[in-house]
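Examination of the molecular architecture
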Amino acid sequence: MKAKIFLIFIFLLPAGFMVERTRKAVASAPFQQGEASLRQGDFKSAIADFEKAIAKNDNAGRARQGLLLAYMETGRYEEAIRAAEGFPATEAANPWLSAYRGDAERRLGRYAEAEISFKRSLELAQGQMAGRDSQAVMDARLRLADLYAFRGRAQEADAQSREVVTRLSGQEGPRTAAEYLALGRSLRRLALYHEANETLRAAVAADPESAAAFIERGRLFLEKYDHPYAAELFQQALKINRHATGALIGLAESKRVDNGAEAAELCRRALAINPRLEEAQNLLATLLIEAEDYTEALVEIEKVLQWNPHALETRALRAVCYYFLNQPKNFNAETEKVRAINSQYGRLYHLLAEFSGYRARYAQAVEFSRQAIARSPDLWSSYAALGINLLRLGDARGGRENLAMAFAKDPFDVRAKNTLDLLDTVSQYHEFTTEHFRVQLHQREAAVLQPYVADLLEKAYRALALRFRFQPPAPIFVEMYPNHADFAVRTFGLPGIAASGACFGKVVVMDSPSAKDLKDFNWGSTLWHELTHVFTLQSTENRLPRWFSEGLSVFEEQRAHEGWGTSFKKAFLKAFAQKSLLKLKDLNRGFVRPQTPEQVPASYHQAGLICDYIDRRYGFDRILGLLEQYRNQVPTDQAFKNILGVSLEEFDADFFKYVDTLKLVPPEKATEDPEELIRTSEANFEAHLKLAEVQVKQGGAPAIRRAIDLLSAALYINPFEQKVHETLAGLFMQQNQVDEAIREYRVIVALTPVDMAKAHYDLAHALHVRGNKKEARIEVLKALEIAPKFESAQELLLNLTP
Amino acid sequence: MGSASCQTPGVMLEMTKSIAVRVALRLLWITVAALSVSPAPALDFARPQKHAVLIGSAGGDAVYSKKHWELLSGMHRVLTEKMDFAPEQIYLLFEDASRDPKIIGARSTKVEVEKLFRALATKLGGEDLLFVLIIGHGTYDGEVSKINLPGPDITDGDLALMVKMVKAKYRVIVNATSASGEFVKTLSGHNTVVITATKSGWEKTDTRFPKFFVEAFETAESDANKDDMVSLAEAYEYAVRKVEQAFKNEGMLVTEHALLEDRGHGPGQHTLEGQSAAGALARRLNLGGAAASAGVTDPQLKRLFAERREVENRIAALKARKSEMAAVQYQTEFESLAVQLAKLSRQIRQASGKKEP
C-alpha cells in the first residue's frame, strides 16, 4: 500500500507544508478531521484530532506524522521531539518521523542531532524502496543538503543535491509535483537558476494547488531581486493556504524595501501562527536595523536565541547590531559564534555590507563585500553588491567588473543586469569638469543644462564649504539621468523608487528635469540638497543618522533660495495637525519604516525644522558640534547632552513648544498670489513667469533685476522653455550683461527651436556686441546657411566682413 | 496673436511685439508685390486662383464645437487677412451653419461637402491650388477611416474621390482630425501635399496639431528660412515641434504623430529631411504672400533682383553638394556667396529706399 505522504520544507520554506492528496478516500473521522484541519491551517484542532486518531488507532502511523507537522507549524519543537521519542517501536522504521524529528532538532539549534535524524531518515527510506527512490529518500537528501550548506559544508551539500538531480532528471524524469519541487530545489542549490525556474514552473503546472511550489518559485525570484513577481507568487500560495507561514514571510521579504510597515505586519501574522518562527523574528529585527534602531532589533534577536542559541542568521544580525552600536568587543564575540556554527558563512559580511550601504558607508560596504566573497566565493549577490557600491564610490571599472562577474554566474540577478545595461549607455552621456566636480549629463540635454548645473554646483560648493568649514576633495561626481528608471537603477540596481536624488558621499546621482513632470520638480533645490549630503556625510565619515543628514539638507535648501525646500511642508502640517509628529529618537523610522506614505515627506520637513530650531536656539556652531560627535560615533542621546546640554526628551519638549509658537496651520484655500506661490512652492514655474512679467512691465533697474532673478529661478524648474531663455537673453542685453545673454542664446541654439536661423543670428549678434567677431561670423553663417535671404543676418555678415 | 497660446504669457510679451512687427512688414511687401518667378523656386499663388475648403466635424459637445469653430474661423481670418484669399475663395462648412452665416457657406454634412467639391471641379484648373483643412473628430475601426460629420460620415475613400474630381494643379489636404493617419494612403497623389495629424487610425485622442498648424501662419517663428513666407513644410514642422513641446510641458506621453506626404506615394513622413524628396513640394508651396521682386519695373532693381536670384540659386546648388565636398571648401565657397548675396540685398534695399532690417 502506498503511504500517503506529507512533505515539509522546513528550512527553505520555513514552516510551510504541502499535503499530497490521497488517491483513496480515508474513512476514519478523527484522522480525516486532523488532515483537514492541518490543510486549513487550524493547527490546534489538527493536534487534538491527530491525538484522538492515535488513541483510537485510526491511521495511527500517518496521524503521528500529522501530529509532528502540526507541532512544527506552531513552534512546539520540543513537544515534536518528545512525541517522536514516545512513539511505539513499530514506528521506528518510518523515515518521515525521523525527518520531522530532525526538523525540530534543527529548529532548536541541535544541528548534530538533526544530521543524525536526517541520515537515519535517508537510510530507512532507502531500505524500504527498491528501484526508483521514494519521495522520502529525496526529502531526506534535501534536508541533508540544506543542513550541510547551512553548516558551510558545501561539497557535501552539493553531493546530496546532485544525487537528487541525477535521480530525478534521468530517462523517466519527475512524475509528480513533489518530484518537480525536489528537483527544482536541488537545482537552485546548485546555482542552476534557469533550470530551477523551469522545473518549479513545471511543479506549479503539475499541481496548481500546491502552495509549496508557489513558495519555492517565489523564493527563487526573491533571491534574484524580482520582488514584485516574487510577491505575486507568494500571494498565489496564500490563496491556496492562507496560513502558509513560508508564504507570509516570503511576501514580507518582497515588501521589505517598498513597505516596511506591511512587511512587519506580515511577520506578525506569521508569528501568530508560529510564535517561534525564526525567520519572522529575524525579519522584524532586520526591519529595525534598517531603521537604525539597533536596541529594539536586539530585543527581537534575543527572543530567537532563547530557543535556538545557535541560530546562524540571528547571530549574524546580532553582530550587525553590535557593529553599528560601535561595540567592537561584542561584535567580535558574535562573529566568533557565527564562525563556530559555519566558518564559511560569508553572508554575515554580506549583511554587514548591505547595512553599511543603508548607512551610506560605502567604503565599509565594499570591504565587507570583499570579506563575504573571500568566505563564500560563490555568493554571487555579494559580487553584485560589491559592484554597485564600487560604482557609488566612483570606481566605474571595478564596479563593472564585479557586476559582470555577478551577472555571468547568475543571469537572474536583475540588479546586476539593470546596472550593466545602464553602464552600456555611457556613450550617450557627456562628461565635463569644473573646479570641484566631474559631471555626467545625457547628450541630448547637456548643452542646455551644463551652464546652469556647473554654475549652481560651484556656487553651492563655495557656500557649503564656508558653512560646514569643510572642503570635500575634488572631484565630486554628479550624474543626472533623463530617465527616472535609469536613476533608480543607478541608485539601487532596481527601478521603481520614489526619490529624485541620492548621494553616496562623493557621488551624487539624480533625475534630470527631463525625467520628471516639469510642474513638480525643482532640479536646483534637489542638487543643493544632495550636495549638502556630500558635506555632511564626508565630514562625519558617513556616521550621522539619517534624520540629521536629511534635516541639514532640507535646512540648507531652504537657506539657499526662496521657496526651496518647501515641497514637504504640506505633509508636515497635516502630521502636525494630527499630532502625529515623531519624537527625535523615532525620527529615522519616518524615513525608512514609515507608517504611512505621508510620514516620509513629513519627516523630511520635521528634520529640517529641527535643524532650523537648533540653529536659532543654539547657533550653527552647535550643529557643527553635533556633526563632530557623530564623526566620533557618539550616540544621539549622548551627543545632544554633550553639545546642547539636554536629553532627547527635553529636546523634544522644547522643540514641540517651539513648533507650537510658529502657529502653523494649513492654508484654508489655495493662494493665487504669485509671490506667495513662489514662497510656498518650489516648483511653480508659472508663478515665476507671471511675477517676472509684472516686473518687466513695471520697468526700472530693480524690477528688471528681480525679473532676471525670477526667470533664472524658473530655469531650475523647467530649463527647456525657449521663451524664458529668449526673455532672459533680452533682459541681459538690456542690462548690458552680454556674457549672460550669450549663455542664454547658446542654450536657445541647443534647444533646436523651429526658428534655428534666428537662434544663430541672435547668438551671432550678441557675440558681435561682445567683440567676439570670429565666433559671431561662424554663427551668422550658420543662420544664413538655413535662411540665405535672412536680411538681418546678411547685414551682420557684412558688418563682420572686412 | 497666434503664439499667445504659449503657457508662459509673461514671457510672451516681448515675442508678441516682434511678431507684430514682422507681420506688418510682410503685409507692406505684399502691397508692392506682383507676380514674378521665384528664384529658389518658391511657387507663388498671387495670380493663379487658390481656393480653400475648411470643414468642421460634428463636435459632439459644446466644448469641442467651440474649439473647432475657433480653429476654423481663425484659419478663415488668416487666409483673408494674411494670405490674400478673397472671401469668395473660401468655403467654410460647419455643423452649425447659423454660427456665423457671413463666413459659413453650408452645414458640414456629407451631402454639402460633396456638392461643394462638385462645384469646385468646374471652377479650378490650370495653375490653381486647392487647400482643404478638416478639423474635429475622426474614427478608425481597423478597416475604414472616417471623418465624423453631422449625419453620415465621410470615409477616406469618399474624400479621395471628391478631391480628385478637382483638377487643380496643386492640392493641399490637411486632415487634422483624430485617427486621420490612414488618409495619407488614399489621398496621396501627383502634386499633392497630404498632411495628417496622426500617423495612423489608432491615434484616436483629440489632436493638438490643428491649433499649431493654424498658428504657424500667424507667427514669424515658423518662417524658418526667413523668406517672409510660410511654406506648408514650415507650417507642418512648426506644428509638429509645438505639439511635442505641448505634450512635454504637460508631462504626458505624445499621443499623436503627424505625417506629411508629397511624393505621390509612400506612407508619409513624420520628420522631414532637409534636402530629401519628402517635403520638397511642401517646401515650395505656400498659401500666400509674394516675393519682394514682384511688380518691380525699375531696370536697375530688376537687374539687382536677377543677380540676387542667380546667387541664391548658386547657394542652393552648393548646399545640395555639401555632403560630397570637403568641409573647408564648402565653407569657403558658402561664405563668398553669402557675402555676395548680402551685398546685393543691401543694394536692393538702398535702390528701393528701404530701411536697414
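1. With respect to the overall build of chain A
- Assigned secondary structure in chain A consists of 41 helices and seven strands.
- With respect to the three principal axes, the spread of C-alpha positions in chain A is 110 × 65 × 50 Å.
- With 802 residues in all, chain A has 61% of them scored as buried.
- Across chain A, contacts joining residues at least 24 apart in sequence account for 61% of those joining residues at least 6 apart.
- Surface accessibility of chain A: about 32,000 Å² in total, with carbon and sulfur atoms responsible for 50%.
- Positive and negative side-chain charges in chain A, numbering 102 and 105 respectively, have mean positions lying 3 Å apart.

2. What to know about the sheet that holds strand 4 (residues 129-135) of chain B
Residue and element names in this part refer to chain B.
- If you trace the seven strands from one edge of the open sheet to the other, you get 3-2-1-4-8-9-10, paired in mixed fashion. The open sheet is flanked by strand 3 (104-107) and strand 10 (259-261), the only strands paired with a single partner. Neighbour-to-neighbour, the strand axes of the sheet open up by a mean angle of 15°, direction not taken into account.
- The pairing of strand 4 with strand 8 (residues 170-175) spans six bridges and is parallel.

3. Side note on the interface of chain A and chain B
- Contact with chain A, which involves 42 residues of that partner, is made by 47 residues of chain B.
- Taken together, the two surfaces of chain A and chain B that pack against each other cover about 3,800 Å², and 57% of this comes from carbon and sulfur.
- Summed over the three residues of chain A that lose the most area to chain B, namely K723, V754 and K789 of chain A, the buried surface amounts to 19% of that side.
- Remark: the boundary between chain A and chain B carries 11 residue pairs in polar contact (both at pLDDT 80 or more).
- When residues in the side of chain A that touches chain B are grouped by element, the largest group, seven residues, is from helix 41 (residues 791-800) of chain A.
- A per-class count over the side of chain A that touches chain B returns 19 nonpolar, eight polar and 15 charged.

4. Some thoughts on the nonpolar core
Residue and element names in this part refer to chain A.
- Grouped together as the largest cluster of nonpolar side chains are 160 residues, with contacts concentrated most on W523, F548, F640 and F651.
- A per-element tally of this core places helix 24 (residues 443-468) first, with 13 residues.
- For W523, the residues in contact, after removing those within four places along its chain, are L449, Y452, V453, L456, M480, M510, P513, L715, Y716, I717 and P719.
- Of all hydrophobic cores here, the second largest spans 133 residues; its members include F150, A263, L403 and A416.

5. Side note on the confidence of the model for chain A
- Here chain A shows a mean pLDDT of 90. Residues at 70 or above account for 96%.
- This stretch, residues 1-28 of chain A, has a pLDDT under 50; its non-local contacts, to residues over four places away or in other chains, come to 100 contacts.

6. A word on the pairing of strand 4 (residues 437-442) of chain A
All names here are of chain A.
- In terms of burial, strand 4 is largely enclosed, as five of its six residues are buried.
- Judged from the five bridges that link them, strand 3 (residues 429-433) and strand 4 form a sheet pairing that is antiparallel. Each bridged residue has a counterpart across the sheet, and for T433 the counterpart in strand 4 is R438.
- The antiparallel pairing of strand 3 with strand 4 creates a hairpin that spans three residues between the two strands.
- Sheet topology places strand 4 next to strand 5 (residues 476-481); four bridges connect them, and they run parallel. Each bridged residue has a counterpart across the sheet, and for R438 the counterpart in strand 5 is F477.
- With helix 24 bridging strand 4 and its parallel neighbour strand 5, the resulting β-α-β unit is left-handed.

7. Some points on the state of the cysteines
Residue and element names in this part refer to chain A.
- On inspection of all chains with the given rule, the structure shows zero disulfides over all chains.
- Looking at the unpaired C267, the closest cysteine sulfur is the one in C321, lying at 15 Å.
- A residue is classified by how much of its surface remains accessible, and C321, at 0% relative accessible area, is buried.

8. Describing the sheet that holds strand 3 of chain A
All names here are of chain A.
- Pairing in this open sheet of five strands is mixed, and the strands run 3-4-5-7-6 from one edge to the other. Two strands close off the open sheet at either side, each with one partner strand: strand 3 and strand 6 (501-503). In this sheet, adjacent strand axes meet at a mean angle of 15° when their direction is disregarded.
- Relative to strand 7 (residues 507-511), strand 6 is paired through three bridges, and the arrangement is antiparallel. Within strand 7, the position partnered with A502 by the bridge is V509.

9. A word on helix 36 (residues 701-714) of chain A
- For helix 36 of chain A, built from 14 residues, the straight-helix expectation of 20 Å at 1.5 Å per residue is met to within 8% by its first-to-last C-alpha distance of 20 Å.
- Every buried residue belonging to helix 36 of chain A is among A703, I704, A707, I708, L710, L711, A713 and A714 of chain A, and all of these are buried.

10. Description of the packing of aromatic side chains
Residues and elements named next belong to chain A.
- The final tally for this structure, using the stated rule, is 39 aromatic pairs over all chains.
- Between the aromatic rings of Y362 and F504, the centroid separation amounts to 5.2 Å while the plane-to-plane angle is 85°, which identifies the pairing as edge-to-face. With Y362 in helix 20 (residues 362-375) and F504 in the loop between strand 6 and strand 7, this pair connects stretches of sequence that are 142 residues apart.
- Note on F504: relative accessible area 3%, which makes it buried.
- On the numbers, 4.9 Å between centres and 40° between planes, the contact of F568 with Y604 is tilted. Of the two residues, F568 is situated in the loop between helix 27 (546-560) and helix 28 (569-577) and Y604 in helix 30 (residues 599-618); the sequence distance between them amounts to 36 residues.
- Judged by relative accessible area, F568 falls into the partly exposed class, the value being 26%.
- Residue Y604 is classed as buried on the basis of its relative accessible area of 14%.
- Counting every residue linked through ring pairs, the aromatic cluster contains W547, F548, Y613, Y630, F640, F651, F655, F656 and Y658.
- Cation over ring: R106 sits above F150, and NZ or CZ is 4.5 Å from the ring centre.

11. Things to note about the domain arrangement of chain A
Residues and elements named next belong to chain A.
- Here chain A is described as being made up of domain 1 (6-199), domain 2 (428-661) and domain 3 (674-800).
- Summarising the inter-unit geometry, the C-alpha centres of domain 2 and domain 3 are found 32 Å apart.
- Between domain 2 and domain 3 lies a buried interface of about 1,900 Å² when both sides are counted; carbon and sulfur atoms form 59% of it.
- Taken together, the links from domain 2 to domain 3 amount to zero salt bridges.
- The tally of links from domain 2 across to domain 3 stands at nine residue pairs in polar contact (both at pLDDT 80 or more).
- Among the secondary structure elements, those contributing two or more residues to the side of domain 2 that touches domain 3 are helix 24 and helix 26 (523-539).
- A total of seven residues in the side of domain 2 that touches domain 3 trace back to one element, the largest contributor, which is helix 24.
- Partitioned by chemical class, the residues of the side of domain 2 that touches domain 3 number 11 nonpolar, nine polar and five charged.

12. Description of the packing of helix 17 (residues 312-324) of chain A against helix 19 (residues 347-358) of chain A
All names here are of chain A.
- Contact geometry for helix 17 and helix 19: axes closest at 9 Å, N-to-C directions at 40°. The pairing of helix 17 with helix 19 is recorded here as oblique in orientation. For the element pair helix 17 and helix 19, the recorded crossing hand is right-handed. Contacts from E313, A316, L317, A319, V320, Y323 and F324 in helix 17 reach R347, L348, L351, L352, F355 and S356 in helix 19.
- In the contact of helix 17 with helix 19, the residues fall into 10 nonpolar, one polar and two charged.

13. So, the confidence of the model for chain B
Residues and elements named next belong to chain B.
- On average, residues of chain B score 83 in pLDDT, and 83% of them are at 70 or above.
- For chain B, the element scoring lowest by mean pLDDT is helix 1 (residues 9-32), at 29; helix 6 (residues 209-216) scores highest, at 97.
- Contacts from residues 1-46, a stretch scored under 50 in pLDDT, to residues over four places away or in other chains number 95 contacts.

The rules we used
Note on numbering: residues in each chain are counted from 1, in written sequence order. For naming, the first written chain is A and the first written ligand is 1, with later ones following in the order written. Since the coordinates come from a predicted model, pLDDT governs what is reported: local features require at least 70, and pairs of side-chain atoms require 80 or more to be given and counted, while whole-chain, interface and lining totals use all residues. To get the side-chain values, take all heavy atoms of the structure and skip hydrogens and water. Secondary structure elements follow DSSP: runs of H or I of four or more residues count as helices, runs of E of two or more count as strands, with numbering from the N terminus. Summary of the burial criterion: residues with accessible area below 20% of their type's maximum are buried, those above 50% are exposed, and those between are partly exposed, where the area comes from a 1.4 Å probe applied to protein chains only. Residue contacts are defined here by distance: any two heavy atoms, one from each residue, within 4.5 Å place the two residues in contact. For the accessible areas, the method is Shrake-Rupley and the probe is 1.4 Å, while residue cover comes only from the protein chains on display. For the purpose of charge, His is not counted, nor are the chain termini; Lys and Arg are scored as positive and Asp and Glu as negative. A charged residue contributes its charge at one atom only: NZ of Lys, CZ of Arg, CG of Asp or CD of Glu. Paired strands, as defined in this entry, are two strands with at least two bridges between them according to DSSP. Here, axes are lines fitted to C-alpha atoms. For helices the fit covers the stretch in contact, and angles between N-to-C directions go from 0 to 180 degrees. In short, buried area is how much 1.4 Å probe accessible area vanishes from two parts on joining, totalled over both. In protein, a polar contact means a hydrogen-donor-capable atom and an acceptor-capable atom, both N or O and within 3.5 Å, with residues adjacent in sequence counting only if both atoms are side-chain atoms; elsewhere, any N or O pair within 3.5 Å suffices. Three classes are used, and their members are as follows: Ala, Val, Leu, Ile, Met, Phe, Trp, Tyr, Cys and Pro are nonpolar, Asp, Glu, Lys and Arg are charged, and the others, Gly among them, are polar. Only buried Ala, Val, Leu, Ile, Met, Phe, Trp, Tyr and Cys residues count toward a nonpolar core, and they belong to the same one when joined by side-chain atoms within 4.5 Å. The score called pLDDT rates the predictor's confidence residue by residue, from a low of 0 to a high of 100. With the strands aimed away from the viewer, a crossover counts as right-handed if its path from the first strand over the helix to the second runs clockwise. When the sulfur atoms of two cysteines come within 2.5 Å, that pair is taken as a disulfide. Helix span, expected: 1.5 Å multiplied by one less than the number of residues in the helix. What counts as a ring pair is set by centres within 6.5 Å for rings of Phe, Tyr and Trp (its six-membered ring), and what kind of pair is set by the plane angle: stacked under 30 degrees, edge-to-face over 60, tilted for all other angles. A positively charged side chain is recorded as over a ring if its NZ (Lys) or CZ (Arg) lies within 6 Å of the ring centre. The angle to the ring normal must also be within 35 degrees. Residue ranges for the domains originate in an automatic or database domain assignment. The term salt bridge refers to a pairing of a side-chain nitrogen on Lys or Arg with a carboxyl oxygen on Asp or Glu at a separation within 4 Å. By the definition adopted for this analysis, an angle is roughly parallel if under 35 degrees, roughly antiparallel if over 145, roughly perpendicular if from 65 to 115, and oblique otherwise. Each helix crossing is assigned a hand: it is left-handed if the near helix lies turned anticlockwise from the far helix by less than a right angle, otherwise right-handed if that turn is clockwise.

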